[in-house]
Amino acid sequence: MLQVVINTVVILGTLHVLITLLSRFSTRSVPNRPDELARRAELCWRKDDPHAVDEVISLHYDALGDCSTTHGQRGQLLCNLGTILWIRFKRQGNSQDLDNAIALLREALALHPVGHPDRSASLNNLAVMLPIRFKHRNNDQDLHEAIALLSEALTLRPVGHPDRSMSLNNLAGVLSTRFEHRGNVQDLDEATTLQSEALALCPVGHPDRSGSLNNLANKLSTRFEHRGNVQDLDNAITLHREALALYPVGHPERSMSSNNLANQLYTRFQHRGDDQDLDNAITLHREALALYPVGHPDRSASLNNLANQLYTRFKHRGNVQDLDDAIALHSEALALYPVGHPDRPASLNNLAAVLPTRFKHRGNNQDLDDAIALHREALTLRPIGHPNRSETLNNLAVVLSTRAEHRGNVQDLDETITLHSEALALRPVGHPRRSTSLCNLATVLSTRFKHRGDVQDLGDAIALYRDALALHPASHPDRCASLRGLAQGLSTRLEHLGNIPDLDEAIVLHNEILALHPAGHPDRPETLDNLAVVLSTRFEHRGNDQDLDEAITLQSEALALRPVGHPDRSGSLNNLANQLSTRFEHRGNDQDLDDAITLHREGLTLYPVGHPERSMSLNNLANQLSARFKYRCNVLDLDEAITLHKEALALRPVGHPDRSGSLINLANLHFHQGKHQDLDDAVILYREALALHTVGHSHQVMSLNNLASVLSGRFETRGNDEDLDEAIALNRKALSLRPVGHPNRSSSLNNLATALSTRFKHRGNGQDLNESLDNLHCALTLLTQHDPRRLTVHQSLATVYLLFHRPRLDGTGDDIDNLNTAMHHLRAAANVVSGGLLLRLRASLDWVRHAAQHAHNTELEAYATSMQLLDAYMSATASLSSRHDAMKLFPCTLAVDAASCALRRGDVCRAVELLEQGRTLIWTQMARFRRPLDSLQKHGDHAEALMKKFRDLSSLLDKPPAEHREGIPRVNVEAEAAQYRQLVDDWNKTVEEIRKLKGFSRFLLPPLFSDLQDAARDGPIIVLVASKSSCDAIIIPHKQPPIDIQLPTNLEKLLRLAIALQQAVDKDLGPKGTQSELIKALRMLWDDIVRPVVEKLGGFVRQGSRIWWCPTSFFGFLPLHAAGEYREYGQSLSHLYVSSYTPSLTALMRARRSHDRSLSVPFAVIGQNRPEGASFTLDCVEPELELVRSLLPPPPTVSFTKIASVDATKSRALCALRDNTWLHFSCHGTQGEEPFESAFLMRDQPLSLLDITQMDLSRHEFAFLSACETAVGDANTPDEVVHLAAGLQFAGVKSVIGTLWRVNDAIVQRLVEAFYKNLCGDGTMNSKRAARALHRAVQSLARDKDMPLDQRIVFMHIGI
């Protein structure tokens, strides 16, 4: 990339010191008229007269010849002659003069031994000459000797010496030079310390203070550039400000000081992005320019400085006026350098550097052509042999490369390579800029490879990158640039040739760069970006989630390092948004998509109307809104996306280099809307885009694919054969552009095969289907074992084999074989690990659908695979709410459909196992991290260590990050999520180790029926299964085989019954306290569901026994315990058995685990009569709490705690929940829009289900929830059983009483009273008595006509 160097004014103090020495000489007496000799020497300095200088040198040599080695003035004369020789060297460049000067000064030093009063001056005189020779010959010895001499001189000028500040400055200057040469930061630190002391010796008012301020500021600025400590930069700016204040308006040095301050403000702007710094820098440069009117010799340099700053502001804000002004200033500067002026080539380069930028933003070809013409003129002014020819060759090559990119002119590209090759030849081995030329040539060779596909070009490019890196060993300041170049070359080879080892090497290189840019380094954000990009690329090739997560973590850190106002923030916003979008596509977590949209919205605000990058930002936001529309079908997203794409297209008129991208984006939206007019519009837009991607264009294949896809889509809608035929022709052309060996050939083969199979479906031409099959087999062989694209090809192959399976298709082989092969490919698609969990899960669901449709023998395997993948997919999601959201993406009936499939095959035990595996996934995963492992201790030290590791990891995982919290930086959110995923990985590995132990082979695996049956040891469990194919009841006794009962109902009738029950509850009371609609629904519940079960139970379960219901699907919304005939002498379930519920069999087994009980039962009542925001008071709360207190046994049996009214805050309730194992809630309960938002309303804020799930309540015995709707699940995911009562049970509470609908507080008090009398009226506290106590309480109130039926049956018991 072409860089313009800003000239800065350098103040050298050495010369003034030397002239002073000449003046001293005039006061001494030496032969050859010394006064006249000194006067003439001083005149030589002031007037550039070569003959006069030669004469004075000759006179000095004569005078020196007259002075013996012991003459008192010889030393001074040697010093004066050395100074004049240095002046002649400076003017004429003869290095012999410099060598002679140094030799004379050495002799002078020898005449001033240790202790001589003039030794310090002689040390200094010799020392200041040596760095000058070092800069010309690069001899380290000169630099080391200078530092040694200046260090000795400094010791001879202790604190208080009038020349100490001069010695401090000189030594600091040479140390700084050595730092620049070797990069030893200790030199820089020492130089800074010396400059600080020098400044202290120049207090306010001292004539040299301004120089000391500038010197120290420069050292601090250099240190900032190498360490990134912003305090150094701030201090440098403060010093420059003070220096500027010492140069009032009119002072000859003010312009120089303005430039110094402006440059540092610009540096700070680049680091922090504060617009004020950039504006202030421009203001200072404008002031400096005003001090250089037309005709001033320094006006051109000032024009360039101001132009550079304006150009930077344009890139940051997009104000084209700044760009135009920068070009105008550079043009004026060029006019000041007419043909023949030595600085004209540099000025030509400066103007040529900014013109291509205006071309990119306005598309005016003249700007690009003018830039090339300027660079060509500059090149003619630097003919072969000119020291700067290589730089000019490079500049011209860069702009020609730009023109080649935009016009596709391969001649420009070839000339670019020729120019870079010549530049490289001018920079042989040992040249300081050889590595730059190596990288430049490598870059254009890589570009030519992309256009022509000549592998030799790419191989040469990578070899050049490696040569460049070899020139920059570890600790070399340019190593990072070489590492970056080689990494980019390897990435290009990977992209086009698919060489995976290149990708791994590129990641290693980027990691090394990141290590060289630690926290605080100004280049760290860019390095984070680059590493994130290659990790994302590796994710695309291998599907390793960890790569994608790490990429997002890196991009999040980069964004955090570019706060609001930073000039590169927009880029970071875009990068992070793109990675989040990719993760959404892979995992389906819509939070990632929402976050991506939020980031793109912020990015768009940084590009207001008129900004050259606005169209790009509009496209980015529109694309993500389009993705969200496909996901949520919110037409507002679609409408906004179309509006944004249209605005973007309007900003890219005909001729704009990026117009094709906008055409494609807008066409994509029209395509996915699928309406007739939209499809036509999409075809028109895609055709225009294809016309812009002519032969040889890198995006031609993409345009061919796009147009082919929309034509195929229009064919599906309208059936126009011409559309399909054209689509196939376009796919064939795209395939021809990806010959054998092209890394994306398999994708083109798959696209063509898909179109051919579509044509077969509509025309029945077996040749199309055979060609489709051949293409897909070929595509599959081109893909490596770990290529994620294998998943898509397997799915396409399955589609084709299913078409072959169609009845009586001549010549296609055996139908059963084709069906089996189709199922094989569906199974293979679901098992492509690199494809990612989300795509694999979707593929497995396709397998389920087709296997079910064809009644294939792999149907049950397909279900099991889908549930396993769903479980794995969910476990990678950190928060409970996001897991629940993810469940909505997939069939909510997956587990019951799998069980139904097993029942159809007569395998009742397998049906139960599948239900346990596929239901209550959220709770099951949470319970995994709370597994007791006491029995592991018996297996030795290794087992005990595994137990400890498992518990530690489980403890950390038990409280995953809940939600994105407002105000928390994304970098922190991502770090939490990444840490969680790493913990999951470690936890899985530990579980695998535990499974290797004897007796633990099925540790945490889906339980077998033989294990699950133990849940029925206290009474039978009735599992109700509702699927489209049938509704069944499975009775699970403790020892006997399970019994399957096909119920006389179906899914549709079940849904109608659930709705009827809810509507009946909401209706007014009927005559005499009965509710006819509710009774009618309860009778239906009895007839269709409960009676068939009771009839079967009667054969082996005695009346009065306890039974447990485990309802699935819509069964979970029915009050099964209340089913009955509701007529005189009629039967009802409550007369026969005591009903309880359990969300799953494993949940019931967990609840039965015994724990040591305290001697005194800690019982807390928590009541809130006036929660936050409520406009009413629950008058019955306080009486209910007192009623419970009165009915409980007195201390020491029960230790009672009451939290009510103002004390019943969320935090107090959580403490009570933690510290008491028996609980009674009396408050308002609410169902949130999201199930995990369901909550008990406290005084200050809700106590939500999410809060409860993050507590360990494994020692808790009982909870009574006297609040509304505490046992009502989510209709969208009924088999997850997400409600307050279930949440408490899964958190560990053994026995819970909840409510199915709203409760009447005044009426319910009577039921509460009856319940506690039955529970603990005899002074005993036992949570196992809760079910019978509730049963008897309801029975006792059955004759109470003032108690409405819906309120008698509203409570249900869950647990033991």
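Here, the structure is the one placed above.
Note that this is a predicted model, so its numbers are computed, not measured.

Asker: Give a description of the overall build of the chain that names residues and reports values.
Answerer: When helices and strands are tallied, the chain shows 57 helices and 14 strands. Of the accessible surface of the chain, which amounts to about 57700 Å², a share of 51% is contributed by carbon and sulfur atoms.

Asker: I'd like a description of helix 12 (residues 254-272), backed by residues and values.
Answerer: In this model helix 12 runs 27 Å from its N-terminal to its C-terminal C-alpha over 19 residues, within 8% of the 27 Å that 1.5 Å per residue would give. With 17 of 19 residues buried, helix 12 lies mostly within the body of the structure. Gly273 occupies a position one or two residues after helix 12 and carries a positive phi of about 80°.

Asker: If you had to explain the sheet that holds strand 9 (residues 1229-1230) to someone new, which residues and values would you point to?
Answerer: Ordered in space as 9-10-11, the three strands form an open sheet in which the pairing is antiparallel. For this open sheet the edge positions go to strand 9 and strand 11 (1247-1248), each flanked by a neighbour on one side alone. Relative to strand 11, strand 10 (residues 1239-1240) is paired through two bridges, and the arrangement is antiparallel. Along strand 11, the bridge assignment pairs Ala1239 with Ser1248.

Asker: Summarise helix 6 (residues 119-137); cite the residues concerned and give the values.
Answerer: Here helix 6 is 19 residues long and its end C-alpha atoms lie 27 Å apart, about the 27 Å a rise of 1.5 Å per residue gives. Most of helix 6 is tucked away: 15 of the 19 residues are buried. With its phi angle positive at about 65°, Asn138 sits one or two positions after the end of helix 6.

Asker: I'd like a rundown of the pattern of salt bridges, residues and numbers included.
Answerer: Applying the stated criterion across every chain yields a total of 70 salt bridges. When the shortest N-O distance is used, the salt bridge between Asp97 and Arg88 registers 2.8 Å. The same class applies to Asp97 as to Arg88, namely buried. Put simply, Asp721, Asp725, Arg759, Arg763 and Asp768 are held in one network by salt bridges that share partners.

Asker: Explain the nonpolar core to me, and be specific about the residues and the numbers.
Answerer: Counting 112 residues, the largest nonpolar core has Ile1089, Val1090, Trp1109, Leu1118, Phe1240, Phe1315 and Tyr1316 as its most contacted members. Leave out the neighbours within four places in its chain, and Leu1118 touches Leu1054, Leu1057, Ala1058, Leu1061, Leu1085, Ile1089 and Tyr1141. Ala755, Val793, Leu803 and Ala864 belong to the second largest nonpolar core, which has 74 residues in total.

Asker: Tell me about the packing of helix 37 (residues 815-830) against helix 38 (residues 837-853), and name the residues and values.
Answerer: Relative to each other, helix 37 and helix 38 sit at 155°, their axes nearing to 7 Å. Classified by the angle between their axes, helix 37 and helix 38 sit roughly antiparallel to one another. Relative to helix 38, the crossing made by helix 37 is left-handed. Along its contact with helix 37, which presents Met823, Leu826, Arg827, Ala829 and Ala830, the element helix 38 presents Arg840, Ala843, Ser844, Asp846, Trp847, His850 and Ala851. Classifying every residue of the contact of helix 37 with helix 38 by side-chain character gives seven nonpolar, two polar and three charged.

Asker: Account for the pairing of strand 2 (residues 1031-1036), naming residues and giving values.
Answerer: In terms of burial, strand 2 is largely enclosed, as six of its six residues are buried. Of the two faces of strand 2, both are covered, the one formed by Cys1031, Ala1033 and Ile1035 as well as the one formed by Asp1032, Ile1034 and Ile1036. When strand 1 (residues 1021-1026) meets strand 2, the two strands line up antiparallel, connected through six bridges. Looking at the pairing, Val1023 lines up with Ile1034 of strand 2. Between strand 1 and strand 2, which pair antiparallel one after the other, the connecting turn spans four residues. By the bridge criterion, four bridges tie strand 2 to strand 3 (residues 1043-1046) in an arrangement that is antiparallel. From the neighbouring strand, Asp1032 faces strand 3, where its bridge partner is Gln1046. A loop of six residues connects strand 2 with strand 3, the two strands running antiparallel in sequence.

Asker: Any details on the environment of Leu894? Residues and values, ideally.
Answerer: Locating Leu894 in the fold gives a position in helix 41 (residues 894-904). When the C-alpha atoms of Leu894 and Leu915 are compared, they prove to be 9.2 Å apart, with 21 residues separating the residues in sequence. Setting aside its immediate chain neighbours within four residues, Leu894 contacts Leu845, Tyr863, Ser866, Met867 and Leu870.

Asker: I'd love a proper account of the packing of aromatic side chains, names of residues and values included.
Answerer: Counting across every chain of the model gives eleven aromatic pairs. Taking 4.3 Å as the distance between ring centres and 5° as the angle between the ring planes, the aromatic pair formed by Phe1225 and Phe1240 counts as stacked. Of this pair, Phe1225 sits in strand 8 (residues 1222-1226) while Phe1240 sits in strand 10, and the two are 15 residues apart along the sequence. There is no split in this pair, since Phe1225 and Phe1240 are both buried. Ring centres of Phe1262 and Phe1315 lie 5.8 Å apart, and the angle between their planes is 15°; this geometry places the pair in the stacked category. Linking Phe1262 in strand 12 (residues 1262-1266) with Phe1315 in helix 55 (residues 1305-1320), this pair joins segments that are 53 residues apart in sequence. Looking at Phe1262, the relative accessible area reads 0%, which means it is buried. Here the guanidinium or amino end of Arg1152 rests over the ring plane of Trp1108, the centre of that ring lying 5.1 Å away.

Asker: Before we move on, can you summarise the pairing of strand 12 with the specific residues and values?
Answerer: The element strand 12 is extensively covered by neighbouring structure, given that five of its five residues are classed as buried. The alternating pattern of strand 12 places Phe1262, Phe1264 and Ser1266 on one face and Ala1263 and Leu1265 on the opposite face, and all of these are buried. As paired elements, strand 8 and strand 12 share five bridges and run parallel to each other. For Trp1222, the partnering residue across the bridge sits in strand 12 and is Phe1262. Where strand 12 lies against strand 13 (residues 1295-1299), three bridges are found, and the strand directions are parallel. When the bridges of strand 13 are listed, Phe1264 appears paired with Ile1297.

About the criteria used
- All chains use their own residue numbering, which begins from 1 and follows the written sequence.
- Where local features are concerned, this predicted model is filtered to residues with pLDDT of at least 70; where side-chain atom pairs are given and counted, the filter is 80 or more; whole-chain, interface and lining totals use all residues.
- Processing note: side-chain calculations cover all non-hydrogen atoms of the structure and skip hydrogens and water entirely.
- Secondary structure elements follow DSSP: runs of H or I no shorter than four residues count as helices, runs of E no shorter than two count as strands, and numbering proceeds from the N terminus.
- Residue exposure ignores everything except the shown protein chains as possible cover, and the areas themselves are Shrake-Rupley values with a 1.4 Å probe.
- Each residue after the first adds 1.5 Å to the expected span of a helix.
- Only protein chains enter the accessibility calculation, which uses a 1.4 Å probe; a residue whose area is less than 20% of its type maximum is buried, one above 50% is exposed, and one in between is partly exposed.
- What makes two strands pair is DSSP finding at least two bridges between them.
- What counts as a salt bridge is simple: a side-chain nitrogen of Lys or Arg found within 4 Å of a carboxyl oxygen of Asp or Glu.
- To define a nonpolar core, start from buried Ala, Val, Leu, Ile, Met, Phe, Trp, Tyr and Cys residues and group those joined through side-chain atoms within 4.5 Å.
- Contact criterion: two residues are considered in contact whenever any of their non-hydrogen atoms come within 4.5 Å of each other.
- Here an axis means a line fitted to C-alpha atoms, over the contact stretch when the element is a helix, while the angle between two N-to-C directions is reported on a 0 to 180 degree scale.
- By definition in this entry, angles of less than 35 degrees are roughly parallel, angles greater than 145 are roughly antiparallel, angles of 65 to 115 are roughly perpendicular, and the rest are oblique.
- For any pair of crossing helices, the crossing counts as left-handed if the nearer helix is rotated counterclockwise from the farther one by less than a right angle, and right-handed if it is rotated clockwise.
- Polarity classes work like this: nonpolar for Ala, Val, Leu, Ile, Met, Phe, Trp, Tyr, Cys and Pro, charged for Asp, Glu, Lys and Arg, and polar for all others, with Gly in that last group.
- By convention, a stacked pair of Phe, Tyr or Trp rings (six-membered ring in the case of Trp) has centres within 6.5 Å and planes under 30 degrees apart, an edge-to-face pair has planes over 60 apart, and any other such pair is tilted.
- The criterion for a charge sitting over a ring is simple: Lys NZ or Arg CZ within 6 Å of the ring centre, and within 35 degrees of the ring normal.

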